Amino acid sequence: DTAVSQTPKYLVTQMGNDKSIKCEQNLGHDTMYWYKQDSKKFLKIMFSYNNKELIINETVPNRFSPKSPDKAHLNLHINSLELGDSAVYFCASSQVGRRIAFFGQGTRLTVV
Amino acid sequence: TQLLEQSPQFLSIQEGENLTVYCNSSSVFSSLQWYRQEPGEGPVLLVTVVTGGEVKKLKRLTFQFGDARKDSSLHITAAQPGDTGLYLCADPGGATNKLIFGTGTLLAVQP
């Protein structure tokens, strides 16, 4: 059983398209995150949700819109994709107070 | 914003060698974590250190938290190819739960 699962694992798309990445966790955690890892391997936080509410939004273009339908899911929708959006996107979850984050396997997004 | 600088950025060594990776912050950590990320996978937590001067061991890995809680080191003894990966220090973020990662050290252990 995968604790944090993301789909798709790979996504190749053209500039200007709109795409979504889905994330689900079966750990019962109350906090979920999206991170972006660039070509230099730097892992930067984008968003954090606690109990379906947005608590962290780190200066991310508004083309990126996270959506949390319930505590176990945090999806990332990206409008008007740009070349610079190419990266690996990681979903993670944790439980408030425990500070152990579990990560998905990542989604490699390539914009051409 | 707290910056977590890691050094070295890249490290390529032979199997059996020892190595040390460093993590330095511009401010004091409440606690600090080390993660390892293998190719094609997400980061996995290795350890959390909380007290200044704390030393924790995980098999051949030794983690040390600086006395002033502004720096940390990870020492690997007799490295093996299975240790290859990206090592990341992280600040778990205190009350905010905002997990911030360091710049990373990419380690390659050659057989």
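What counts, and where the lines are drawn
- Residues numbered from 1 in each chain as written.
- Chains lettered and ligands numbered in written order.
- Predicted model: local features only at pLDDT ≥ 70, side-chain atom pairs only at ≥ 80, totals over all residues.
- Heavy atoms only, no water.
- Disulfide = S-S within 2.5 Å.
- Helix = DSSP H or I, 4+ residues; strand = E, 2+ residues; numbered from the N terminus.
- Buried < 20%, exposed > 50% of the residue type's maximum accessible area, 1.4 Å probe, protein only.

**Q** Please provide a residue-by-residue account of the state of the cysteines, values included.
**A** Here a disulfide denotes one covalent bond, and it connects the sulfur atoms of two cysteines. Within the structure shown, the criterion is met by 2 disulfides over all chains. The side chain of C23 of chain A participates in a disulfide bridge whose partner is C91 of chain A; the two sulfur atoms lie 1.8 Å from each other. Its torsion about the S-S bond being -75°, the disulfide of C23 of chain A and C91 of chain A is classed as left-handed. Note that C23 of chain A is positioned in strand β3 (residues 19-25) and C91 of chain A in strand β9 (residues 87-94), a separation of 68 residues in sequence. For C23 of chain A, a relative accessible area of 1% translates into the label buried. Here C23 of chain B engages in a disulfide with C89 of chain B; their sulfurs sit 2.1 Å apart. Between C23 of chain B and C89 of chain B, the disulfide has an S-S torsion of 70° and is therefore right-handed. In this pair, C23 of chain B is assigned in strand β3 (residues 19-25) and C89 of chain B in strand β9 (residues 85-91), connecting sequence segments 66 residues apart. Neither C23 of chain B nor C89 of chain B differs from the other in exposure class; each is buried.

**Q** How would you summarise unusual backbone geometry if you had to cite specific residues and measurements?
**A** Going from T7 of chain A to P8 of chain A, the amide bond is cis rather than trans, its omega being -5°. Mapped onto the elements of the fold, P8 of chain A is located in the loop between β1 (4-7) and β2 (10-13). A cis geometry characterises the amide bond from S7 of chain B onward to P8 of chain B, with omega recorded as -10°. Positive phi outside glycine occurs at K41 of chain A, with the angle close to 75°. Note on placement: K41 of chain A falls in the loop between β4 (31-37) and β5 (43-50). Note on K41 of chain A: relative accessible area 34%, which makes it partly exposed.

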